[in-house]
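Observations on the three-dimensional arrangement
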Amino acid sequence: MTDVRVRFAPSPTGLLHIGGLRTALYNYLFARRHGGAFVLRVEDTDRERFVEEAEQDILDALAWAGLSYDEGPRIGGPFGSYYQSERKSIYKAYVDRLLAEGHAYYAFDTPDELQAMRDRLTTAENPNPRYDAETRVAMQNGFTMPPADVRARVEGGEAYVVRLNVPAGQAIQFNDIVRGTVVFQSNEVDDQVLMKSDGMPTYHMANVVDDHLMHISHIVRGEEWLSSTPKHILLYRALGWEPPQTAHLPLILSPNGGKLSKRNADKMGIPVNVRQYRELGYEPEALVNYLALLGWNPGIEQEVFSLDELVGVFSLERIGKAGTQYSADKMNWFNQQHLRRLDDSTLAHRVRPDLEAAGLTANDAYVQRVAGLMKDRVTFLRELATTWRFFFEEPAGYDPDGVAKRWKADSPALLEAYAVRLEALPDFTAAACEEQLRLLGEERGAGAGRIIHPVRLAVSGITHGPSLFEMLETLGRDTCVRRLRLAISRLPAPSDAE
RNA sequence: GGCGCGUUCGUCUAGGGGUCUAGGACGCUGGCCUUUCACGCCGGUAACACGGGUUCGAAUCCCGUACGCGCUACCA
């Protein structure tokens with residue numbers, strides 16, 4: 001195989017979508033797997049749809065996901081610029097060459113004229129008339145106008161576009177890595193605009209020129225581009241270049257099988273922009289893992305992978321062909337899985353902003369302990385700052401159902417006795433806390449549950465959570481003793497208890 | 001409409017002519033563990049779109065049908 005060079009080529013027209021991130025991911029994995037280069041190229045040829053903050057969002061999303069690139073914006077590289085808007089003169093040179101060699105031609109039709117042509121030709125059987133060998137003869141272009149007129153118009157500064165002269169009757173065949181052999185007929189493709197009247201290249205032109213100039217070996221992109229591939233092949237042929245290999249990825253569908261558009265997804269409460277995942281508190285490792293498996297599988301039973309592990313097993317050959325439906329349940333499951341795999345210091349670091357936002361403070365060592373204790377019982381790290389905030393502040397109240405069920409007439413006395421014992425403990429460990437509790441139970445003739453449940457309630461305010469004794473150890477002696485007495489003072493003993 | 005692509009449990013998928021009474025994961029669900037809640041473990045539920053071929057034999061190969069998706073711009 002020749003040197004692997006792949007690219008992710010987003011358009012800065014909005015926030016990066018998870019479909020885009022998946023495309024970037026597959027490119028990244030393929031490049032890293034083969035020791036190749038991963039290039040980032042900004043396809044900003046559409047001035048109309050350009051969104052100022054989009055580029056930063058894309059960069060942020062890739063960095064968050066851990067996808068580093070070897071050449072591209074900000075860092076440059078040997079084939080820059082990596083902004084298509086800065087490469088106008090390059091495209092112009094190749095457009096001129098196509099013009100000179102008869103592979104392209106000038107066209108002067110105004111938008112109104114184009115519309116009129118389409119209106120005239122549109123029928124029920126042909127809802128989308130092409131601008132092609134058949135129809136161009138009725139339009140204003142290099143085929144229908146004397147060369148001198150064409151030259152005069154161009155030199156006179158009149159608005160024009162350059163179109164590809166699509167040859168008639170050719171079969172355009174290519175071998176897609178995921179789809180196999182695909183064939184199109186040149187008669188089905190229209191005379192694609194290569195250069196717009198504002199002097200910008202179209203996607204097709206810029207894409208082909210850049211992929212060639214940047215020595216791209218494999219094009220890995222979404223299936224929505226499959227139908228444009230014949231146009232690109234025609235361009236490669238006209239320019240005398242060898243087209244890169246292609247791999248067209250199956251599309252990510254919404255949970256009901258439709259398109260996962262922003263609008264559609266919002267209605268179902270599904271986040272589609274990478275930024276949303278970040279804001280919602282998903283771990284980047286989880287999104288990456290989930291996206292990797294959406295349309296690809298390693299052929300082994302393992303499902304939970306780090307980015308580096310994915311690099312080790314990725315291959316384009318194992319990409320599926322069928323569109324794939326998004327599942328929030330599975331996404332969340334991956335988040336839970338990765339939470340358990342991440343080390344406590346990483347978790348502590350990541351949950352910090354959530355704690356701060358919730359007005360909670362704690363030193364790092366303590367946050368790490370809490371994270372370690374809780375990581376296999378949460379789906380989102382930020383639950384530490386909500387459901388489990390009692391680790392960081394006194395319980396605001398006590399779960400009423402828990403009180404009704406667990407807070408008995410003898411609870412205050414038992415808890416006070418337990419508090420006294422905890423105060424006297426030489427080593428405040430989970431094992432010691434448990435030993436004392438059981439001893440106390442025996443002495444008072446009360447079952448351990450008679451103490452365990454009220455203690456949990458007093459200390460956390462709720463009736464569920466991690467192992468009681470580990471929780472006590474984590475909270476620390478002072479906090480435990482204080483909270484036991486706080487509960488005694490706040491919760492009156494029920495008089496009718498048995 | 002045309003062209004292209006696709007179709008295995010609800011979802012993500014394994015499988016590529018016999019080893020498939022179709023395997024795994026998510027979800028849902030029964031139980032075990034745990035004097036809490038999770039985790040974990042054991043079990044259950046549930047699929048080869050349909051119709052024709054080819055073959056001794058088809059989820060696997062071929063054709064057709066249906067359905068879905070994509071493209072059909074001076075957007076990418």
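Now for a description of the structure that goes with this document. (Residues numbered from 1 in each chain as written. Chains lettered and ligands numbered in written order. Predicted model: local features only at pLDDT ≥ 70, side-chain atom pairs only at ≥ 80, totals over all residues. Heavy atoms only, no water.)

1. Things to note about the packing of helix H13 (residues 344-357) against helix H14 (residues 364-374)
Between H13 and H14, the shortest axis-to-axis distance is 8 Å and the interhelical angle comes to 105°. With respect to their mutual orientation, H13 and H14 come out roughly perpendicular. Every residue of H14 that contacts H13 at Asp 344, Ser 345, Leu 347, Ala 348, Val 351, Arg 352 and Leu 355 is listed here: Asp 364, Val 367, Gln 368, Ala 371 and Gly 372. For the contact of H13 with H14, the residue count by class is six nonpolar, three polar and three charged. (Axes fitted to C-alpha atoms, helices over the stretch in contact; angles between N-to-C directions. Helix = DSSP H or I, 4+ residues; strand = E, 2+ residues; numbered from the N terminus. Parallel < 35°, antiparallel > 145°, perpendicular 65-115°, else oblique. Contact = heavy atoms within 4.5 Å. Nonpolar A, V, L, I, M, F, W, Y, C, P; charged D, E, K, R; others polar.)

2. Section: the packing of helix H18 (residues 448-460) against helix H19 (residues 468-475)
Running from N to C, H18 and H19 point in directions that differ by 35°, and their axes come no closer than 11 Å. When the axes of H18 and H19 are compared, the crossing they make is left-handed. Contact with H18, carried on its side by Ile 452, Val 455, Arg 456, Val 459 and Ser 460, involves Leu 468, Phe 469, Met 471, Leu 472 and Leu 475 of H19 and no other residues of that element. Class assignment for the residues of the contact of H18 with H19 results in eight nonpolar, one polar and one charged. (Left-handed = near helix turned anticlockwise from the far one by under 90°.)

3. Overview of helix H17 (residues 430-444)
With 15 residues, H17 should cover 21 Å at 1.5 Å per step; its first-to-last C-alpha distance of 21 Å lies within 8% of that length. Among the structural elements, helix H16 (411-424), H18 and H19 are those in contact with the buried residues of H17. Gly 445 lies just past H17 and shows a positive phi near 65°. (Expected span 1.5 Å × (residues − 1).)

4. Quick word on the sheet that holds strand S7 (residues 193-195)
If you trace the three strands from one edge of the open sheet to the other, you get S3-S4-S7, paired in antiparallel fashion. At either margin of the open sheet sits one strand with a lone partner, and together these are strand S3 (104-107) and S7. Between one strand axis and the next, the sheet turns through 45° on average, direction left out of account. Pairing between strand S4 (residues 161-164) and S7: two bridges, direction antiparallel. Across the sheet, the residue bridging to Arg 163 is Val 193, located in S7. (Pairing = 2+ DSSP bridges.)

5. Quick word on the protein's contact with RNA strand B
In the region of RNA strand B, 62 residues are neighbours, and Arg 179, Asn 297, Arg 377, Ala 448 and Gly 449 sit closest. The sugar-phosphate share of atoms of RNA strand B within 4 Å of the protein amounts to 68%. At 3.4 Å from a sugar or linking oxygen of RNA strand B is found a side-chain nitrogen or oxygen belonging to Glu 43. In the model, a sugar or linking oxygen of RNA strand B is placed 2.7 Å from a nitrogen or oxygen of the Thr 324 side chain. Residue assignment for the surface near RNA strand B shows that the elements contributing at least two residues are helix H4 (111-121), S4, strand S6 (180-185), strand S11 (324-325), helix H12 (328-341) and H18. Top element by residues in the surface near RNA strand B is H18. It accounts for five residues. (Near = heavy atom within 4 Å. Polar contact = N/O pair within 3.5 Å; in protein donor to acceptor, adjacent residues only side chain to side chain.)

6. Description of the nonpolar core
Leu 21, Leu 25, Leu 67, Leu 287, Leu 291 and Tyr 326 are the most contacted members of the largest nonpolar core, which has 56 residues in total. Among the elements that make up this core, the one with the highest residue count is helix H1 (residues 18-33) (nine residues). Setting aside residues no more than four positions away along its own chain, Leu 287 makes contact with Ile 18, Leu 21, Trp 64, Val 274, Tyr 277 and Met 331. Core analysis: the second largest hydrophobic core is formed by 55 residues, Phe 390, Phe 428, Cys 433 and Leu 491 among them. (Core = buried A, V, L, I, M, F, W, Y, C linked by side-chain atoms within 4.5 Å. Buried < 20%, exposed > 50% of the residue type's maximum accessible area, 1.4 Å probe, protein only.)

7. Looking at the packing of aromatic side chains
For the coordinates displayed, the defined rule picks out 18 aromatic pairs. Relative to Phe 334, the ring of Tyr 290 has its centre 6.0 Å away and its plane inclined at 45°; by these criteria the two rings are tilted. Pair noted here: Tyr 290 is in helix H10 (residues 284-292) and Phe 334 is in helix H12, with a separation of 44 residues, a long-range link. Comparing Tyr 290 with Phe 334 shows no difference in burial state: the two are buried. Taken together, the aromatic side chains of Tyr 290, Tyr 326, Trp 333 and Phe 334 make up a single cluster linked through ring pairs. Here the basic side chain of Arg 153 rests over the ring of Phe 108, its NZ or CZ set 5.1 Å away from the ring centre. (Phe/Tyr/Trp six-rings, centres within 6.5 Å; stacked < 30°, edge-to-face > 60°. Lys NZ or Arg CZ within 6 Å of the ring centre and 35° of its normal.)

8. Things to note about the environment of Ala 487
Within the secondary structure, Ala 487 is located in helix H20 (residues 477-490). In this structure, the C-alpha to C-alpha distance between Ala 487 and Pro 395, residues 92 residues apart in sequence, is 9.3 Å.

9. Some points on the environment of Glu 435
Inspection of the secondary structure assignment puts Glu 435 in helix H17. For Glu 435, a relative accessible area of 48% corresponds to the partly exposed category. A C-alpha to C-alpha distance of 56 Å links Glu 435 and Gly 257, two positions 178 residues apart in sequence.

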